[in-house]
Amino acid sequence: MSERPLSISMTETPGIHHVTAIASDPQQNLEFYTDTLGLRLVKQSVNQDDTSVYHLFYGDRTGSPGTSMTFFPYPGARPGQVGTGQVSTTAFTIPADAVEYWVDRLEEAGVDADEPRERFGETVIPFRDPDGLPLELVGVADAPAGDPPAGSVPPERAIRGFYGVALSLEDTESTVRLLEEMGYEATDEEGERTRYEAPVDLGAVVDLVAEPDRGRGQPGAGTVHHVAFRVTRDTQADWRDQLQRLGLRPTEIVDRKWFESVYTRTPGGVLFEYATAEPGYTVDEDVEELGERLVLPEWFEDRREEIEAGLPTLSIDE
């Protein structure tokens, strides 16, 4: 295995691009993430590997990298089991002075939430979505202004984007090596949790949690499928080469229409994606119209009638 470090341009890791999880009922998923959490549906499409299933993308006003939570909702999907080899928690940034607002909002909405707790000097609100997906809101004193969508949550209280993710691992050592190659640095430690951060405003945090006795995660509704990190078109091929030098088995570059992707399974079992910031969700829709209709990559357009007929009805409030 090569010990050659990444080049300077590649170590400027700009944090998380998106997180993709598995859900069950698409309408329930849509209502929770837009009405309850106040995110915007920025793209309504299909799983490109299984066109019988929606791919729903949520985020800020434009779905900018660092804000995009996406889902494959399989109607009637069996519940998964969160465990090692998975993203065990996805956390969003909120302003520190919005914590009380969100505690009240989640309670009024009947969301399954825990009492706020302190972690690394910040207030964290743990809660679950309707499929049991573990989520957190983290109050950040200097939260960026962001570009919140107009909606059910006042802009000054709104989710700004990702705070980070926690990875549940049987053993953290091999994942540490990968994160360090990606430009992350260890910044704190609390029990079995070690924090790694990139120097960015959103999606900067990856917490490694050593849980050898937890049991292996099982995919299904309420679990994360993969976490994606932001790269550029200019460096993506170099990233892929470096992953190979680290002994991993990355895919070829895959065109996903709104970004290009390389996937690899980490030594700890978590699926990582390296996704380009370009061209973004506005490449095929105006900002004002994002998410209002089913959008297909051009290579699926000749199957539109068949694809639409196979999807459940989804009611979008425009």
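Computed from a predicted structure; not experimentally measured.

A. Up close: the UniProt feature "domain: VOC" (unreviewed entry) in the protein chain. In this structure's numbering, the residues bearing the UniProt feature "domain: VOC" (unreviewed entry) are residues 15-140 and 161-277. Helix makes up 17% of residues 15-140 and strand 47%, whereas the separation of the span's terminal C-alpha atoms amounts to 17 Å. Taken end to end, residues 161-277 has its terminal C-alpha atoms 15 Å apart, with 19% of it in helix and 42% in strand.

B. Just the sheet that holds strand β8 (residues 134-140), in detail. If you trace the 8 strands from one edge of the open sheet to the other, you get β6-β7-β8-β5-β9-β12-β11-β10, paired in mixed fashion. Edge positions in the open sheet fall to β6 (117-119) and β10 (185-190), since each of these has one partner strand only. Put simply, the sheet's adjacent strands are angled 30° from each other on average, direction ignored. Relative to strand β12 (residues 205-210), strand β9 (residues 161-169) runs parallel, the two sharing 6 bridges. Each bridged residue has a counterpart across the sheet, and for A166 the counterpart in β12 is D207. Most of the contacts of helix α3 (residues 99-108) go to strand β7 (residues 122-128), to which it runs at about 15°, and overall it touches β5 (86-95), β7 and β8.

C. Spatial organisation of the pattern of salt bridges. This structure, assessed with the given rule, holds 19 salt bridges. The partner of R256 in a salt bridge is D49, and the shortest N-O contact between them spans 3.3 Å. Highlighted residues: R256 in the loop between β14 (254-255) and β15 (260-265) and D49 in the loop between β2 (40-47) and β3 (50-59), separated in sequence by 207 residues. Given a relative accessible area of 63%, D49 falls into the exposed group. A salt bridge links R128 to D112, with the shortest nitrogen-to-oxygen separation between them at 2.9 Å. A residue pair is termed long-range when its members are at least 10 positions apart, and R128 in strand β7 and D112 in the loop between α3 and β6 qualify at 16 residues. Owing to a relative accessible area of 18%, R128 belongs among the buried residues under this scheme. Three or more residues joined by partner-sharing salt bridges are found here, namely D112, D114, R117 and R128.

D. The arrangement of the packing of aromatic side chains in detail. Counted by the stated rule, this structure contains 12 aromatic pairs. An angle of 65° between the planes, with centres 6.1 Å apart, marks the rings of Y58 and F71 as edge-to-face. A residue pair is termed long-range when its members are at least 10 positions apart, and Y58 in strand β3 and F71 in strand β4 (residues 68-73) qualify at 13 residues. We note that Y58, like F71, is buried. Following the ring pairs from residue to residue traces out a cluster consisting of Y184, F229, W239, F272 and Y274.

E. Examining the layout of surface pockets more closely. Computed from the structure, the largest pocket encloses a volume of approximately 500 Å³. Lining the largest pocket are 22 residues, and of these T34, R40, L41, A150 and D317 sit closest to its centre. Listing elements by their share of the lining of the largest pocket, those giving two or more residues are α2 (26-36) and β2. It is α2 that provides the largest number of residues to the lining of the largest pocket, a total of 5 residues. Looking at the lining of the largest pocket residue by residue, the class counts come to 7 nonpolar, 7 polar and 8 charged.

The rules behind each value
- Residues numbered from 1 in each chain as written.
- Predicted model: local features only at pLDDT ≥ 70, side-chain atom pairs only at ≥ 80, totals over all residues.
- Heavy atoms only, no water.
- UniProt positions renumbered as here; feature names shortened; annotations may be inferred.
- Helix = DSSP H or I, 4+ residues; strand = E, 2+ residues; numbered from the N terminus.
- Pairing = 2+ DSSP bridges.
- Axes fitted to C-alpha atoms, helices over the stretch in contact; angles between N-to-C directions.
- Contact = heavy atoms within 4.5 Å.
- Salt bridge = Lys/Arg side-chain N within 4 Å of Asp/Glu carboxyl O.
- Buried < 20%, exposed > 50% of the residue type's maximum accessible area, 1.4 Å probe, protein only.
- Phe/Tyr/Trp six-rings, centres within 6.5 Å; stacked < 30°, edge-to-face > 60°.
- 1 Å grid on protein atoms, 1.4 Å probe; cavity = no way out; pocket = protein on both sides within 12 Å on 5 of 7 lines; lining within 4 Å.
- Points joined across faces, edges and corners; volume = space filled by probe spheres on them.
- Nonpolar A, V, L, I, M, F, W, Y, C, P; charged D, E, K, R; others polar.

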